[in-house]
Every structure is written in structure tokens, then in C-alpha cells.
Amino acid sequence: MSREWPLWEVFVRPRRGLSHVHVGSVHAPDATVALRNARDIYTRRQEGVSIWVVPAAQITASSPDEKDAFFDPAADKVYRHPTFYQVPEGVPHL
Amino acid sequence: MSSTTTPLDELLAIGDDALIAAQRLAQWCSRAPEMEEDVALANIALDQLGVARLVLSYAAEVEGAGGDEDTLAYLRDDRQFRNCLLVELPEPDFAFAMAKLLFLSAFQRLRYEALATSADERLAAIAAKAVKESAYHLDHATMWTLRLGDGTEESHRRMQNAVDELWPYTHELFEGNELRPAWLSIVEAVLAEATLTRPTDGWAPSGGRVGLHTEHLSYLLAEMQVVHRAHPGARW
């Protein structure tokens, strides 16, 4: 059995109204300690108001080998971007 | 505090507890069991140092001898320090560090809570800030006491040993105050949940508050003060 603590991914919400953003990872023996470690390492300079920790093993990631199949087909679908609408005059916040 | 204690002694007791605790915690830098714990202990050491600086600066003004936080921290000898014996004791393993932090931070939280309503507005403001930090230190020490006490056979043995060795030194914390019942209710609950035996009260070494320390303080001060004494007034 490995003696090294498992890895946890850390997400911090910088301010109310913003979403949690991935900031890095920590080692910890359990979720409670992971949260404390994340607090000490990633929020010591008031970077956040909320922290999530997720076991790194629980994250399913897309593989670099699948990059072409996953992302390239979107490259030539310009009609998926909302660039074909006329924006009426005087609508500042659209 | 007892009637023989001056306001300066009282400030030094608070500031020196924090300063010596900070120095002991800082000795874990690069030696903690994991890098994450290394950062956590350094954070706690810096919290303690922050309180020490504020209180010792204030103490230097009260003393009125033209000194400042640095002269108090770096140019006093062991007999002039007013910290409790608990904070100066060495930490031969991580369990000792956590048992000391548990005992100290539970006491500091109660002491700062009481001081936060003090008539001395400057001390009350420092204490109000320090209460939140102590609450976090207590949380950290509790977390580890539970995990080590209720962990493996080896971690339980080490944690119980540290608690037993340090328990006598906790009596000194309550000289001149009424905080022990509240402190016991915090600490006994943690020890019970951690499956640790609460030691019986007996031997109660004391003397820190009047400058009679263990030999460990001299060595700690030698390391802490050597640069300042060798190069007085040196700046980065």
C-alpha cells in the first residue's frame, strides 16, 4: 500500500456571484483535511470565499488522443456562434 | 491575574506565549510529515508571531524604556521572559506538536475571548482579531488529535504519550484566571472522542510567569536571538 496521501483537486470561488475555479491540488488523507490544506495553501491571501475539494481519482478527463475527434469538428461551424444577428441600435447590454 | 502581577507582566505573558509558540512551530519548517502540513504549521506560526508583535510593541510602550518589539524579543534573557513552560518544551515528534497546540490554542481562544471585552481598548482589539486565529489553530490541533488518537496502534501510543507528558504543564496556564473549567470541557471532549485517556492531575510545574524556566528556553532563545545579537541593528 502506498504511504503517500491521495490527491485532491481544489476549486476556489473568488467572490460571491462567481463560480468555483480550479486552482490546483493538495495531498490529504481525507476530505476534511483536504479542505483545511486547501485553505492554508490557496486562500491565505484572501483569494476566496468558498472552497471545493474533489478526489482527483473521481475526475474523468478527456484524453489528449481524442483531441481531434472531440474538438476539431467545432472549428468550422461558424453558424454556432451568435454572429448572424442584427443588433438593434441602442441596446447596450445584449 | 494575581495582585503582584503588573500590567507589563500581563502583556509579556500574552506576548511571550505567542512568540515562543511561534518559534517552536517554525522549527517544523521543512520537517513536517507532509508538505501540506508544513505550510499549515508555518501559517499557524505566523499567526502567533503576528499577535506577539502587536502585544510586545504595546508592552514596550507600557514599559517606557525606549525599547520596541525587537528589543523585547531579541535582547531579553530567559529570566526576563514571562511565557508559560508549556510553549518552550521541545517537540520530539508530531504528536507532541499537536498536543501542545491543542492545549495552548484552547487556552488562547478562551484568554483572547475574555480580553476582547477588556477595558483596555488596544488589547481588546488585538484579542478580537486573535480569537478567530486561535479558533482555527484549535480546529487544526483537534483534527490531528482525533486522527492520531483514534488512528493506528502506533499513532495512538504516541499521542497518548504526548498528552501524558504535557498534561502537568497545563496547570500553569490557569494561574491567576478562572478559565480552567471551560478549557477542560473543550480538551476533555476532544481526548474522549480521540479514545485517549485524560491524565490525572498531580505534579504541576510552574515558574514561567516569574521567569523561572526550563533549560529548553535558553537553547530556543540562543537560536532565535543569535543573528540580532551578533549584528545589532542589522537590516535586510
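Residues numbered from 1 in each chain as written. Chains lettered and ligands numbered in written order. Predicted model: local features only at pLDDT ≥ 70, side-chain atom pairs only at ≥ 80, totals over all residues.

Moving on, we get to the overall build of chain B. A tally of regular secondary structure across chain B gives 9 helices and 0 strands. Walking chain B from its N terminus toward its C terminus, one meets helices and strands in the order α-α-α-α-α-α-α-α-α. Radius of gyration (C-alpha) of chain B: 17 Å, near the 18 Å computed for a compact globule of 236 residues. Considering only C-alpha atoms, chain B reaches an extent of 55 × 40 × 30 Å along its principal axes. Taking all 236 residues of chain B together, 42% fall into the buried category. Within chain B, contacts between residues separated by at least 24 positions form 75% of all contacts whose residues are at least 6 apart in sequence. (Helix = DSSP H or I, 4+ residues; strand = E, 2+ residues; numbered from the N terminus. Rg over C-alpha atoms; globule rule 2.2 N^0.38 Å. Buried ≥ 20, exposed ≤ 12 C-beta atoms within 10 Å, placed from the backbone. Contact = placed C-beta atoms within 7 Å.)

All names here are of chain B. Over its 18 residues, helix α7 (residues 153-170) extends 26 Å from the first C-alpha to the last, a length consistent with the 26 Å expected when each residue adds 1.5 Å. Where α7 bends most, the angle comes to about 25 degrees, and this point is aspartate 164, followed within four residues by the proline proline 168. Burial in α7 covers these residues: Arg158, Met159, Gln160, Ala162, Val163, Leu166, Trp167, Tyr169 and Thr170. (Expected span 1.5 Å × (residues − 1). Bend = angle between axes of the 7 residues up to and from the residue.)

Turning our eyes to something else, we now look at the interface of chain B and chain A. Taken together, the contacts link 7 residues of chain B with 11 residues of chain A. Secondary-structure elements contributing two or more residues to the side of chain B that touches chain A are α2 (35-63) and α6 (121-149) of chain B. If one sorts the elements of the side of chain B that touches chain A by residue count, α2(B) sits on top with 4 residues. A per-class count over the side of chain B that touches chain A returns 3 nonpolar, 2 polar and 2 charged. (Nonpolar A, V, L, I, M, F, W, Y, C, P; charged D, E, K, R; others polar.)

Now for the sheet that holds strand β1 (residues 7-13) of chain A. Residues and elements named next belong to chain A. With antiparallel pairing, the 3 strands of this open sheet are ordered in space as β2-β1-β3. The sheet terminates laterally at β2 (21-27) and β3 (50-55), the two strands that pair on one side only. Between one strand axis and the next, the sheet turns through 30 degrees on average, direction left out of account. Bridge analysis of β1 against β3 gives 6 bridges, and the strand direction is antiparallel. What sits directly across from valine 10, in β3, is valine 53. (Pairing = 2+ DSSP bridges. Axes fitted to C-alpha atoms, helices over the stretch in contact; angles between N-to-C directions.)

Glycine aside, the phi torsion of most residues is negative, and most peptide linkages are trans. In the Ramachandran plot, Gln46(A) falls in the positive-phi region, its phi being about 60 degrees despite a non-glycine side chain. Judged by local crowding, Gln46(A) falls into the exposed class, with 7 C-beta atoms found within 10 Å. In this structure, Thr195(B) takes a positive phi of about 60 degrees despite not being glycine. Within the secondary structure, Thr195(B) sits in the loop between α8 (180-193) and α9 (215-230). On the basis of neighbour count, Thr195(B) is assigned to the partly exposed category, with 13 C-beta atoms found within 10 Å.

What follows covers the packing of α2(B) against α6(B). Residue and element names in this part refer to chain B. One way to put it is that α2 packs onto α6 with a least axis distance of 11 Å and a crossing angle of 165 degrees. Here α2 lies roughly antiparallel to α6, going by the angle between them. Helix-helix and strand crossings are classified by hand; for α2 and α6 the assignment is left-handed. For the pair α2 and α6, the contacting residues are Ala40, Ile44, Asp47, Val51, Leu54, Val55 and Tyr58 in the first and Arg122, Leu123, Ile126, Ala130, Glu133, His137 and His140 in the second. Looking at the contact of α2 with α6, its residues break down into 9 nonpolar, 2 polar and 3 charged. (Parallel < 35°, antiparallel > 145°, perpendicular 65-115°, else oblique. Left-handed = near helix turned anticlockwise from the far one by under 90°.)

Take the confidence of the model for chain B next. Scored by pLDDT, chain B has a mean of 95; 98% of the residues are at 70 or more. Two numbers describe this predicted complex: its pTM, 0.89, and its ipTM, 0.76. (pLDDT = per-residue confidence, 0-100.)

A word on the environment of Val26(A). Structurally, the position occupied by Val26(A) is in strand β2. Expressed as a C-alpha distance, the spacing of Val26(A) and His81(A), which sit 55 residues apart in the sequence, is 38 Å. If we skip the residues at most four places from it in the chain, Val26(A) touches Trp8(A), Val10(A), Ala34(A), Asn37(A), Ala38(A), Ile41(A) and Glu36(B).

A separate point is the environment of Arg158(B). Residues and elements named next belong to chain B. By secondary structure assignment, the location of arginine 158 is in helix α7. For arginine 158, a count of 21 C-beta atoms within 10 Å puts it in the buried group. Taking C-alpha positions, arginine 158 is 29 Å from alanine 222, a pair spaced 64 residues apart along the chain.

Before going further, it helps to examine the pairing of β1(A). Residue and element names in this part refer to chain A. Alternating residues of β1 divide into Trp8, Val10 and Val12, all buried, and Leu7, Glu9, Phe11 and Arg13, none buried. Inspection of the sheet shows β1 paired to β2 by 6 bridges, in the antiparallel sense. When the sheet's bridge partners are listed, leucine 7 is paired in β2 with histidine 27.

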